[in-house]
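Given next are the chains, with one letter for each unit.
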Amino acid sequence: SARRAAISAVTNYKPSSPPMNFRDTSTGDLFNANVFSKSVMKKRLPKPVYKALLRTMEAGEKLDPSVADVVAAAMKDWAISKGATHYAHVFYPLTGLTAEKHDSFLAPDDDGTALAEFSGKQLIQGEPDGSSFPTGGIRVTFEARGYTVWDVTSPAYILENDNGTTLCIPTAFVSWTGEALDKKTPVLRSMQALNQQAQRILKLFGHTDGSLVSSTAGPEQEYFLIDRNFYFSRPDLLNAGRTLFGAAPPKGQEFDDHYFGAIPERVLAFMLEAERELFKLGIPVKTRHNEVAPGQYEIAPMFEFANLATDHQQLTMTTLRRVAEKYGMVCLTHEKPFAGVNGSGKHVNWSMGSSSQGNLLDPGDTPHDNAQFLLICGAVIRAVHKYQGLLRSVVASASNDHRLGANEAPPAIISIFLGDQLTDVFQQIKAGGASSSIPKGTLTVGVDVLPPLPKDAGDRNRTSPFAFTGNRFEFRAVGSNQSIAGPLVAMNTIVAESLDYCATRLEEATGGDPEKLHGELQKLLTEIMNEHGAIIFNGDGYSEEWHKEAEERGLLNLKTSADALPVLKNQDIIDLFGKYNVLSERELASRLDTYLEQYCMTIGVEAKLTIKIAKTMIFPAAIRYQNELAATCTNLKMLGYEFDTNTLDAMTELVKELQDSIAELEASLAEGESDDLLAESRHCCDSVLPLMNKVRTYADKLEGFVADDLWPLPTYQEMLFIK
Ligand code: ADP
Ligand code: MG
């Protein structure tokens, strides 16, 4: 059987020979080797052109189109010197995947030869057809023009394959009306919005140098590795990215013997090569370790500007998948490939900073800095409380639903973990609302009580979806398979709104008098704590009590994507994105449509797979064994022996239940299709999914009965423990 063949292939795995030698070139030398980096530009571009580009990259100035031809020529020469034959505009459609359209540099010349060409126009703008990407109605096929536009802030790079190399140019993908069809455009817009509002706050504190405030992101990626032989003998993994069947193995993760354990040889070789590939692309990977579940690992880079971090995150996922293949494995980025063991998340560490101010969420140690920190931290608290529904909806997906709210990932309730020290400070601010009791000149913002925070706050809370971790917030509800663009757009925009609110209040209250700042700030923060302090929770997010308490506090508990996605229709969300020019109403609506559609399609595909596997693999195995039992029974009875039919009875019952549940699922699937995506998503959530689980329950029970040699699917034990 396929299962037996897979086990035998895995146990006979031999690394490709000769093994890669990682010692010859030091990894450090590889950093940025394939990137059209600043140092390459500096070498290859005329000074004024280089300067103009830098102003766009670093200060967010408008790009001077006249420099494009010069840059394009330099880029082409550099790429060709690296063996590139093609260039590709890389873009990020709403599917969350990465798309690229390749064009050859070569164009026929008059004399019948071919000439390498790459103009400024080709660099700046492309027109991939791409009309099959979901656009949620923005772009209908008859007006199918979509453009890719060069994003100067994310450097071009060379992608090496076994057969050649390609110059890749990160781009935004927009319709001919200028509407965003992709995930990158809103990230850039939201960064701009955040910068504008942050400047106003900095101005209140006397920082007027105007250096660009950018949001920063450091995404930690969790993933599973399994041998590809198992992968290909599991139609569910292959088509849905997760197992739809599989009884819990006798030994799971209960011993915690995998977590931070020694990394297996094959996996380590994979990691080394993946890291080197990422280094060449200028992705500053830093940590790697085993995660909690068997077969689960994590990779984390140093943080970068949000836009670059987003592009690099996408590249990280594709690189992990590509390199895993070379080692005979498959990298699973699905949030919950295996039921009953931990799922995978993508913790997105988020902060904001500028070249002159550094990290704005660093508590620092002078009171003056602390006041500014407390204001910004207060603004984040307000934003997360006010827009908790939005934060839940930007991490909504059919696959992440299996993780959020289960007993290992953050719950679906959004709350903030501040740690004991900061919580105490904010409690004092709240209590000190009538600040008269605090002697003038000391207080004002409760700064004197702020103890110098250890950079690594010793206390951690793994159950919190949104945690302050020393000098940044860590958004932990993001799914391992998701683009981090959506979460970053939400973070940047809600914090921009909150900073706008705070700046406006303080500008009005102080009338520009810096003497009044601290007093007014105290008032504002007290008010924020009174109105929004309910979002702060340092306890155990998994506990029953928290669910009750959260409800009493009026916090949302949007358990599924079908509950969370419709938040994008709320007027306050439309207003929010409209006001800061991040997404127009139409752009937002198109996203809701696309995500609902993806949700329904995912569950639809899973349901069809469930039916197919149950009918054509599990049912046949079950009745074969049932037949064997029945034959044994008959034969023995004929010979005058007794035969205990307990097993046969139980099997027969289960087979019937399996058949009945398959029929129920089929019926539910048939009645679910609808033009109304909201209704369809509800149906998927409330009917199709539970019925899929029902089929699974019986199938998994049968796995405990059917003779091992008849069982068709590689088991959890085999997939997770045979390496
Ligand atoms: P842990 O597992 O303890 O959360 P990791 O080292 O795995 O820590 O990941 C921490 C992540 O946070 C790294 O990607 C790191 O670069 C990032 N980070 C640190 N400072 C900032 C910051 N100011 N803004 C955004 N991300 C940051
Ligand atoms: Mg971590």
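This report concerns the structure included in the present document. (Residues numbered from 1 in each chain as written. Chains lettered and ligands numbered in written order. Predicted model: local features only at pLDDT ≥ 70, side-chain atom pairs only at ≥ 80, totals over all residues. Heavy atoms only, no water.)

1. Focus: the side chain of Arg242
Then, in step 1: Following the sequence through the fold, Arg242 ends up in the loop between helix H9 (235–240) and helix H10 (265–280).
Then, in step 2: The exposure class of Arg242 is buried, given its relative accessible area of 6%.
Then, in step 3: Side-chain polar atoms of Arg242 contact the side chain of His402, separated by 3.4 Å.
Then, in step 4: Discounting residues that sit within four places of it in the chain, Arg242 has contacts with Asp236, Leu237, His334, Lys336, Pro337, His402, Glu606, Leu689 and Met692. (Helix = DSSP H or I, 4+ residues; strand = E, 2+ residues; numbered from the N terminus. Buried < 20%, exposed > 50% of the residue type's maximum accessible area, 1.4 Å probe, protein only. Polar contact = N/O pair within 3.5 Å; in protein donor to acceptor, adjacent residues only side chain to side chain. Contact = heavy atoms within 4.5 Å.)

2. Regarding the state of the cysteines
Then, in step 1: Overall, the coordinates contain zero disulfides when judged by the stated rule.
Then, in step 2: With no disulfide partner, Cys600 has as its closest neighbouring cysteine sulfur the one in Cys684, 4.2 Å distant. (Disulfide = S-S within 2.5 Å.)

3. Some points on the packing of helix H7 (residues 184–204) against helix H15 (residues 485–510)
Any two packed helices are characterised by how steeply their axes cross, that is the angle between the axes, and by the distance between the axes.
Then, in step 1: The contact between H7 and H15 brings their axes to 8 Å, and the two run at 25°. The orientation of H7 with respect to H15, classified from their angle, is roughly parallel. Crossing angle aside, the handedness with which H7 passes H15 is left-handed.
Then, in step 2: Of the residues contributing to the contact of H7 with H15, the split by class is 17 nonpolar, five polar and three charged. (Axes fitted to C-alpha atoms, helices over the stretch in contact; angles between N-to-C directions. Parallel < 35°, antiparallel > 145°, perpendicular 65-115°, else oblique. Left-handed = near helix turned anticlockwise from the far one by under 90°. Nonpolar A, V, L, I, M, F, W, Y, C, P; charged D, E, K, R; others polar.)

4. Remarks on unusual backbone geometry
Then, in step 1: The phi dihedral of Asn32 falls on the positive side, at around 70°, and the residue is not glycine.
Then, in step 2: Of note, Asn32 is situated in the loop between helix H2 (27–30) and helix H3 (38–44).
Then, in step 3: Assessed through its relative accessible area of 27%, Asn32 is described here as partly exposed.
Then, in step 4: Even without being glycine, Asn581 reaches a positive phi, approximately 55°.
Then, in step 5: As for its placement among the helices and strands, Asn581 is situated in the loop between helix H19 (571–579) and helix H20 (585–638).
Then, in step 6: Using a relative accessible area of 59% as the deciding quantity, one classes Asn581 as exposed.

5. Notes on the site of ligand 1
Then, in step 1: In the vicinity of ligand 1 there are 16 residues, among which Thr216, Glu220, Pro301, Phe303 and Asn349 approach most closely.
Then, in step 2: Between Glu220 and ligand 1, the recorded distance is 3.0 Å, taken from a side-chain N or O atom to an oxygen atom.
Then, in step 3: Contact with the protein chains hides 79% of the accessible area of ligand 1, taken as 570 Å² for the molecule alone.
Then, in step 4: Contributions of two or more residues to the shell around ligand 1 are made by strand S9 (214–227), strand S11 (296–301) and strand S14 (346–354).
Then, in step 5: A total of four residues in the shell around ligand 1 trace back to one element, the largest contributor, which is S9. (Near = heavy atom within 4 Å. Areas by Shrake-Rupley, 256 points an atom, 1.4 Å probe, with all protein chains shown as cover.)

6. Points about the nonpolar core
Then, in step 1: Of all hydrophobic cores here, the largest spans 93 residues; its most connected members are Met352, Leu390, Leu418, Phe475 and Val495.
Then, in step 2: By residue number, the principal contributor to this core is H15, which donates 12 residues.
Then, in step 3: Counting 40 residues, the second-largest nonpolar core is a separate cluster that includes Cys600, Phe619, Ala707 and Trp711. (Core = buried A, V, L, I, M, F, W, Y, C linked by side-chain atoms within 4.5 Å.)

7. Quick word on the environment of Val695
Then, in step 1: Residue position: Val695 is located in helix H22 (residues 677–703).
Then, in step 2: A C-alpha to C-alpha distance of 6.1 Å links Val695 and Ile662, two positions 33 residues apart in sequence.
Then, in step 3: Beyond its immediate sequence surroundings of up to four residues, Val695 is in contact with Phe245, Thr610, Ala614, Leu658, Ser661, Ile662 and Leu665.

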